[in-house]
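# Architecture at a glance
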Amino acid sequence: MEEKTQSHHTTKHIPSSKSRTPLLHKPPPFPHVHTNPPPFVLQPSSNHQNLNLVSSNLHSSYYYYYYYCFYSQFHNTLPPLLPLPPTPPLLPLPIPPPPPHQRFFQSSTKPLPLSPVVESKQQQQQNKKKQVSEHKSNSRNIKVIGSTETDAESTLVVAKRPDSGGQEGSFIYLLANHFLVKFDPSQKIYHYNVDISPYPSKEIARMIKQKLVETEPSSFSGAVPAFDGRKNIYSPVEFQEDKLEFFVNLPIPSCKTVMVYGDLREKQPQKKIDKLFRVNMRLVSKFDGKEQKKEGENWKPLPQEYIHALDVILRENPTEKCTSIGRSFYSSSMGGSKEIGGGAVGLRGFFQSLRQTQQGLALNMDLSITAFHESIGVIAYLQKRLEFLKDISRNKGRELSLEERREVEKALTNIRVFVCHRETVQRYRVYGLTKEVTENIWFPDRDGKHLRLMSYFKDHYGYEIQFKNLPCLQISRTRPCYLPMELCMICEGQKFLGKLSDDQAAKIMKMGCQRPNERKAIIDKVMSGPVGPSSGNQTREFNLKVSSEMTLLKGRILQPPKLKLDRPRNLVESRAFKGTRIERWALMSIGGSSDQKSTIPKFINELTQKCEHLGVFLSKNTISSTFFETSHILNNISLLESKLKEIQRAALNNLQLIICVMEKKHKGYGDLKRIAETRIGVVTQCCLYPNITKLNSQFVANLALKINAKIGGSMAELYNSIPSHIPRLFRLDEPVIFMGADVTHPHPFDDSSPSVAAVVGSINWPEANRYVSRMRSQTHRQEIIQDLDLMVKELLDDFYKAVNKLPSRIIFFRDGVSETQFKKILQEELQSIKTACTKFHGYNPSITFAVVQKRHHTRLFRCDPDHHENIPPGTVVDTVITHPKEFDFYLCSHLGVKGTSRPTHYHILWDENEFTSDELQRLVYNLCYTFVRCTKPVSIVPPAYYAHLAAYRGRLYIERSSETNGGPMNPSSVSRVGPPKTIPLPRLSDNVKNLMFYC
C-alpha cells in the first residue's frame, strides 16, 4: 500500500479497490455515542476539508463505528421542540440552495439558413396527389411503440398523418423557437444509478458530484458526467468499475440572520459546517441512438431513455447557474426581476425541452416568467401577504381570529423556512400552525421535564419572544416540533404556492408580455449566452451540437370564413346574429357607497340601449326596484340564499336573469353562482361598481354580449354552413356533434379536494354554435374522465331531443392532456365514448378524437426583421416542427394584440372520419369564428373553450364549499389516512342546465 501525503491532508489509496472510503477527520458528536474517535482514525494536518480516501481493508470495526454514527442521527429520539439547544449539536441536514450565479448574455445576429426539411416538403407538396381514393387506401394509424401491456392493448394505434401536409392558403415564411440538435447515433451513453445518504437537496447533490469529479477523475475515466441532481448520472465513457462507493466530507456554508431588538436584518455568512455523505453508483444500462429509423413506414422514434439522457445533458449547464423549476430556469441576472406584491417577486427565466420533429431532434427554447416567494422574515412576509396583518409590527400582542388563522395557515403551509437564532444548514417545511399561541406552549425535554417555550428561548438563546399571541409553525408531519414565526426566514428559490391575486397575475402577465421581436431577441440571447445549453462542456463531452439559429419554415395563412353578419372592426359597432328576449330580470346591489349606488339608473339605461343596438331585447323595467344589500351577505350563505329566493318569488318564480353589481371582488362570488344555478334556477351576471360608474362603451357592450350568450343567443353564424365547407364528409341530413372535454385539478399542495371534469356538446345542426354541458367531480388529481360514458350519453340524448336524430359523426376535442398521457387517454376515454354509443340500439358513429394543447412553448415569428407584428390569424404549420409521422398541426386562429401569439397545438389521436389535413384545419379554423360571446376568432376551438369554462365553474362550486367547511389546508388533512373522499357536485337546476350559464 502506497501512502500519499499532501499539504492539507493525509490520504490512503488502493488503486484496485472498488469501494473507496474517505478519511473520517472527526466523527460528528451524538448525544448517545462516545464522541472520541477510535485510535485507528487518522487525523488531518489542517482544517482544510477535502475528499479523503483510505484503504478498504481497514478493520471492520471502523465501518461499524461509522455506520452507527451515520444512521443514528435518523433513529435518535429527538425532543418535541425544534430548534435544539446548541449543546450537544446534531449532524446537520441539507441547507438552502446558494444564490444563483449572476450571468450576462450576448446576442447573435447571424442570418438563419432555410431548413432542408422545408425544401423537401415543398417538393412533396408539388408531387402530392389529391385523389380521395388514394387517401382512403392508406393506413391511418401508427402502432404505439414501447407498450408493456397485453397484446390486445398494444394493438391500439395513434392516427397517422393522412398526407404530407395541407396545401390551402397563402404561404408565409416563419421562424420557430426550435433549435436543431445534431448528435452522433454511435455515441454510447452509460447510465449510472446514484444513491446518496443522507438524502440531500439537489443543490447539495450537485456539489457532491462536482467534488467527486474534481478529486477522483480516474474513477470516472477522466469524463465529466451529467447529473440530474437526484438518481441519474450519464457518462460518455464507462467508469473504471460498474460499482463505486465514496464517502464525501463536504463543508457546507451556514447562514445566520442578525437580530436587533426582535427585527430581522440582513443575512450574514458564517463558518462552514462539515457534512458527511455516502455515495453509491452502479451501472444500470448503456445505449446509443442507432435504433432510430428515420424514413419509411416503419419509422421508429428514439428510445425514451436516450432522449431523457440527452435532456439531462443539455440541462447540466443552466442547472449549475440558475434556479431550476420543472423544465424552466430562473435567475435575477436575466433582468426583469420585480416585486409583484403579497410577498412575491416575479423572475424572468427560460424554458427548454427536447422534441422529436420532422427535421430531427430539436430543442424548444422559450421565455418563462414565474412568481417566487420573497426571501424575508415570516412576520414581514405575512404583513405583505395578508392585509389584516399589515400593522402587526405595531401591535405585537394581537391575536388571530379563527378565519384569520386559516388564512395564515393557508399562506404558510408547505413553504420552506430556516431559523435565524442559531447557525444551521437545516431547512424546515411548514406543515401547519400550532393550536396554542406561543406563550401557552409547553414541551417535554429529553429527560421528560416540561419546559415553557418562551422560557426555553430566553434561557438558551437570550431571546425574548415578541409576538407571544401568534401560533408557532408546526414543522413535522407527525411530531409536535415548533418554531416561533419571528425567528424564521423564507428560503430563497421557492416558487410561489397557491393562487396569485388578480393584481399579482396582472403584473406577471405584464412581465411576460413582450412583442414578438423582443421575445425573439431574449431567446436568441439565452442561446448564445453563458447559461445556454451549448456554453458548458457537456455538449462536447457527448458529441452534441445545438444550432444557435431558430428553425426556418414555411407556414400557410388560411382564408377566414364568411359570416351571415359581417363583423365590424370593434364590438361597439357589432350586432348579434341571434338576439334573445329578456323580459323578467332583477338587479341586486351588494355593497357600494351612496355615490356608486346613485349610478344604477344610468347604468340600466345604458345597458338596455346597448342591448337594443346589439339586437338583444332587455326590458327597460326590472321586475322590482333594485335590491340593495351589504357586502356581509356574501359571508352568510343562508342569508344569501334567502335573498335570492325572495327575488325569484317577486318574479312569480319565472325569473330569467339577475344582474349583481358588487362593490369589489369577493370570495362569496362562488356561493352566489352555486346557489343561483343549483338551488334557485336562474342565470346571474356579475359586475363591479368601479366599472359601471365609468360606463365605458366597450365594457357595456361586452356585458350585453355575455348576457345574450347565457340566455341563449349567439353573436354570429357562418354564412356557408359547415357541410358546405367539407362536402366530402358532411351532409345537412347527417348531423354532426362537436364535443369538448376538460379536467381541472386543485392547486399543487391541496391534497384532498376532488378534480372536476366537464364535457360539452353542440345541440344544433348545421349551425353548431349552441352547447350544453355536463360536470362531475372525480378522484383527486385523476386526469382520465371517470364518468365520460355517462356524460356523453346524456349529451347524445340532448342532441337527439333538439335535432330529432343521433349524430352520424362525433368530433371530440380533449383539452388539458400532456403528451405523456396520450396513450392512456386514447385507451380509456375513446372506449368510454364508444360505450356511450352502445346505449343506443344499432348506433355506431364515426369518431375523431383530437387533443387540444394550449400550454406549450412553441412560438412562431415572422421571418421579415422589419415586421414586428404577430403572425396573422389563420396561420397554420404542419411541417418541419410537427411530429414526424403522427397527425398534428399548429394553428394560430386569433389576432394577438398584446405580447406574442401562442398557436394552439392540435394532435389527432383517432380519426375514423378520415379527414385530410386541409379539411380538418379548415374545420377547426372556421369553428373558432362561432364563439358565442366574442366578435373575433378565439384562440382555441370553441368546444374545448366551453369545456374549460364549465370545468372552472364546477371547481368554483367545490372550492368555496371546502373553504366554508375549513378548507383542504386544515391540519387534520395533513395526517389523512386513505384516499380523499370525492365531494359530489350539486345538481344543476333544470332551468339552467341547458343554457350556457358558464360563459
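Looking up the chain in an unreviewed UniProt entry gives the name Protein argonaute 7, with the organism given as Eutrema salsugineum. UniProt, in the comment section headed Sequence similarities (unreviewed entry), describes the chain in these words: "Belongs to the argonaute family. Ago subfamily."

Between the first and last C-alpha of helix 14 (residues 600–614) there are 21 Å, a value that for 15 residues agrees with the 21 Å anticipated at 1.5 Å per step. Here helix 14 has its buried residues at I600, F603, I604, L607, T608, K610, C611 and L614. Taken end-on, helix 14 shows its buried residues confined to a sector of 165°, consistent with a single buried face. For helix 14, the exposed residues set more than 90 degrees away from the buried face come down to P601, K602 and E612. Of the residues flanking the end of helix 14, it is G615, one or two places downstream, whose phi is positive at about 90°.

A two-sided burial pattern is seen for strand 9 (residues 232–235), the buried positions comprising N232 and Y234 on one face and I233 and S235 on the other. Inspection of the sheet shows strand 7 (residues 189–197) paired to strand 9 by four bridges, in the antiparallel sense. Along strand 9, the bridge assignment pairs Y190 with S235. The pairing of strand 8 (residues 226–227) with strand 9 spans two bridges and is classified as antiparallel. Across the sheet, residue A226 finds its bridge partner in strand 9, namely Y234. Hairpin remark: strand 8 followed by strand 9, antiparallel, with four residues in the connecting loop; positive phi at G229, about 85°.

Here we take up the pattern of salt bridges. What the rule picks out here adds up to 40 salt bridges. A salt bridge links R774 to D798; the shortest N-O distance between them is 2.5 Å. With a gap of 24 residues between them, R774 in strand 35 (residues 771–778) and D798 in helix 20 (residues 788–803) connect regions that are remote in the sequence. Taking the relative accessible area as the measure of exposure, R774 reaches 9% and is therefore buried. Connected via shared salt-bridge partners are R774, R776, E794 and D798.

Here a ring pair, both rings aromatic, is described through the centre-centre distance and the interplanar angle of the planes. According to the stated counting rule, one finds 22 aromatic pairs in the structure shown. With centroids separated by 5.9 Å and ring planes inclined at 85°, the aromatic side chains of F840 and Y843 adopt a geometry described as edge-to-face. Like Y843, F840 is buried. Geometrically, the ring pair formed by F931 and Y946 is stacked, given 5.0 Å between the ring centres and 15° between the ring planes.

Our next topic: the sheet that holds strand 23 (residues 482–483). Spatially, three strands are ordered 19-22-23 in an open sheet, and the strand pairing comes out antiparallel. The outermost strands of the open sheet, each flanked by one partner alone, are strand 19 (432–437) and strand 23. Where strand 22 (residues 471–474) and strand 23 come together, two bridges link them in antiparallel fashion. Of the residues in strand 23, the one forming a bridge with Q474 is Y482. Here helix 8 (residues 402–412) sits on the sheet and contacts strand 19 and strand 22; the angle it forms with strand 19, its principal contact strand, is near 145°.

Cut-offs applied
- Residues numbered from 1 in each chain as written.
- Predicted model: local features only at pLDDT ≥ 70, side-chain atom pairs only at ≥ 80, totals over all residues.
- Heavy atoms only, no water.
- UniProt positions renumbered as here; feature names shortened; annotations may be inferred.
- Helix = DSSP H or I, 4+ residues; strand = E, 2+ residues; numbered from the N terminus.
- Expected span 1.5 Å × (residues − 1).
- Buried < 20%, exposed > 50% of the residue type's maximum accessible area, 1.4 Å probe, protein only.
- Arc of directions from axis to C-beta.
- Pairing = 2+ DSSP bridges.
- Salt bridge = Lys/Arg side-chain N within 4 Å of Asp/Glu carboxyl O.
- Phe/Tyr/Trp six-rings, centres within 6.5 Å; stacked < 30°, edge-to-face > 60°.
- Contact = heavy atoms within 4.5 Å.
- Axes fitted to C-alpha atoms, helices over the stretch in contact; angles between N-to-C directions.

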